[in-house]
Amino acid sequence: MENNVDKSIKIVPLIVLFFLFSSSSAQQEQVELKVAEEYYNQGDIHRHKGEYDQAISDYTIALGINPSYAEAYCNRGNAYQSKDHYDQAISDYNKALEINPGYAAAYFSKALACDEVGRISEAIEAYRGFIQYALPEYARYIPHARRRLRALESREAFWPVL
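Reading guide: rules and limits
One numbering rule holds for all chains: residues counted from 1, following each sequence as written. pLDDT decides what is reported in this predicted model: residues at 70 or higher carry local features, side-chain atom pairs at 80 or more are listed and counted, and totals for whole chains, interfaces and linings draw on all residues regardless. To obtain the side-chain values, all non-hydrogen atoms of the structure were included, while hydrogens and water were left out. Here a salt bridge means any side-chain nitrogen of Lys or Arg lying within 4 Å of a carboxyl oxygen belonging to Asp or Glu. Each helix corresponds to a stretch of at least 4 residues labelled H or I by DSSP, and each strand to a stretch of at least 2 residues labelled E; elements are numbered beginning at the N terminus. Burial here depends on accessible area, computed with a 1.4 Å probe over protein chains only, as a share of the maximum for the residue type. Under 20% is buried, over 50% is exposed, and the range in between is partly exposed. Nonpolar side chains (Val, Leu, Ile, Met, Phe, Trp, Tyr) are joined into patches within 5 Å and like charges within 9 Å, using only residues with over 30% relative accessible area and no salt bridge. All accessible-area figures derive from a Shrake-Rupley calculation using a 1.4 Å probe, and residue coverage is judged against the displayed protein chains alone. Axis definition: a line fit to C-alpha positions, over the contact stretch in the case of helices; interaxial angles, taken between N-to-C directions, run 0 to 180 degrees. The scheme is simple: roughly parallel for angles under 35 degrees, roughly antiparallel for over 145, roughly perpendicular for 65 to 115, oblique for anything else. Crossing handedness is defined as follows: a turn of the near helix away from the far one that is anticlockwise and smaller than a right angle gives a left-handed crossing, while the clockwise case is right-handed. When checking whether two residues touch, look at their non-hydrogen atoms; a contact exists if any pair is within 4.5 Å. Polar contacts, as counted here, are pairs of nitrogen or oxygen atoms within 3.5 Å of one another; within protein the pair requires one atom able to donate a hydrogen and one able to accept it, and residues that are adjacent in sequence qualify only if both atoms are side-chain atoms. Stacked, tilted and edge-to-face are the three classes applied to pairs of Phe, Tyr and Trp rings, where Trp contributes its six-membered ring and a pair requires centres within 6.5 Å; stacked means planes under 30 degrees apart, edge-to-face means over 60, and tilted covers the rest.

Student: How should I be thinking about the pattern of salt bridges in this particular structure?
Tutor: Two side chains that carry opposite charge are able to pair once their charged atoms sit near each other. Using the criterion set out here, one finds nine salt bridges in the structure. With its nearest N and O atoms 3.7 Å apart, the salt bridge here joins Asp44 to Arg47. Placement of the pair is Asp44 and Arg47 together in helix α1 (residues 2-48), with a separation of three residues, close to one helical turn. Assigned by exposure class, Asp44 and Arg47 land together as buried. Close ionic contact of Asp115 with Arg148 constitutes a salt bridge, the shortest N to O distance being 2.7 Å. Taken together, the positions of Asp115 in helix α5 (residues 104-116) and Arg148 in helix α7 (residues 142-158) put the pair 33 residues apart, joining distant regions of the chain. Taking relative accessible area as the criterion, Asp115 reaches 16% and is therefore assigned buried. One network of salt bridges, in which partners are shared, links Asp87, Arg119 and Glu122.

Student: I'm lost on a nonpolar patch on the surface in this one. Help?
Tutor: On the surface, a nonpolar cluster with roughly 290 Å² of combined accessible area is contributed by Val31, Val35, Tyr39 and Ile61. For the nonpolar patch, the leading source of residues is α1, giving three residues. With respect to the helices, strands and loops of the structure, Tyr39 is situated in helix α1.

Student: Help me understand the packing of α5 against helix α6 (residues 120-133), please; the structure alone is not making it clear to me.
Tutor: Any two packed helices are characterised by the angle at which their axes cross and by the distance between the axes. Relative orientation of the contacting elements α5 and α6 amounts to 155 degrees, with a least axis distance of 8 Å. By the criterion of interaxial angle, the relationship of α5 to α6 is roughly antiparallel. As α5 packs across α6, the resulting crossing turns out to be left-handed. In contact with Ala104, Tyr107, Phe108, Lys110, Ala111, Leu112, Cys114 and Asp115 of α5, α6 contributes Glu122, Ala123, Ala126, Tyr127, Gly129, Phe130 and Tyr133.

Student: Please clarify how the side chain of Asp58 should be interpreted in this entry.
Tutor: Among the structural elements, Asp58 can be located in helix α2 (residues 52-65). When residues no more than four places from it in sequence are discounted, the contact partners of Asp58 are Tyr39, Gln42, Gly43 and His46.

Student: It is not clear to me how the side chain of Lys110 should be interpreted in this structure. Could you clarify?
Tutor: Inspection of the secondary structure puts Lys110 in helix α5. There is a polar contact of 2.7 Å between the side chain of Lys110 and the side chain of Asn94. Residues in contact with Lys110, not counting those within four places in the same chain, are Ile90, Tyr93, Asn94, Leu97, Glu122 and Ala126.

Student: Can you help me understand the packing of α2 against helix α3 (residues 70-82) in this one?
Tutor: Between α2 and α3, the least distance of the axes is 9 Å, while the angle of their chain directions is 160 degrees. Between α2 and α3, the angle is such that the two are roughly antiparallel. In terms of crossing hand, the pair formed by α2 and α3 is left-handed. Mapping the contact onto sequence places Tyr52, Ala55, Ile56, Tyr59, Thr60 and Leu63 in α2 and Ala72, Tyr73, Asn75, Arg76, Ala79, Tyr80 and Ser82 in α3.

Student: Any chance you could explain unusual backbone geometry here in plain terms?
Tutor: Negative phi characterises most residues that are not glycine, and trans characterises most peptide bonds. Non-glycine residue Asp84 carries a positive phi angle of around 65 degrees. Topologically, Asp84 is positioned in the loop between α3 and α4 (86-99).

Student: Can you walk me through the packing of aromatic side chains in this structure?
Tutor: Aromatic ring pairs are described here by two measures, namely the spacing of the ring centres and the angle between the planes. In the structure shown here, the tally under the stated rule is seven aromatic pairs. Relative to Tyr133, the ring of Tyr107 has its centre 5.7 Å away and its plane inclined at 10 degrees; by these criteria the two rings are stacked. Here Tyr107, found in helix α5, pairs with Tyr133, found in helix α6; they are 26 residues apart in sequence, far enough to count as distant.

Set out below in structure tokens:
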């Protein structure tokens with residue numbers, strides 16, 4: 001009997017420690033996600049002010065904290081695109097879409113960037129993705145996406161990519 005009591009006395013503190021650390025870990029994760037969101041929000045403020053380097057820095061910090069933050073990848077891509085850094089922008093849009101394959105805004109931004117630099121087949125694919133996943137708040141962009149898609153498809157049919 002004493003032996004079982006000794007085992008119980010040793011196991012109980014371990015269970016308590018496990019719950020304390022797992023609770024602490026969950027709380028720590030929540031704090032980290034909140035900090036990432038704050039950097040993301042600061043990035044948005046800087047991007048809207050035209051302070052693209054600071055926006056990129058803030059989004060990068062947010063992504064360092066939360067590497068699965070699709071919106072931060074997309075908006076960092078938008079900041080890169082505003083600086084005419086299309087390859088970096090497209091890379092960020094691709095990462096956002098890898099995380100969230102139905103992310104309409106990332107498709108649209110990628111389509112615009114690819115269209116700008118003549119990456120026709122990628123632009124076509126991105127416009128199609130945007131049209132497929134566009135939510136009602138993007139309705140005003142769909143006609144533009146359809147026009148560009150038709151133009152690029154006919155251009156690709158006339159001048160196939162080699």
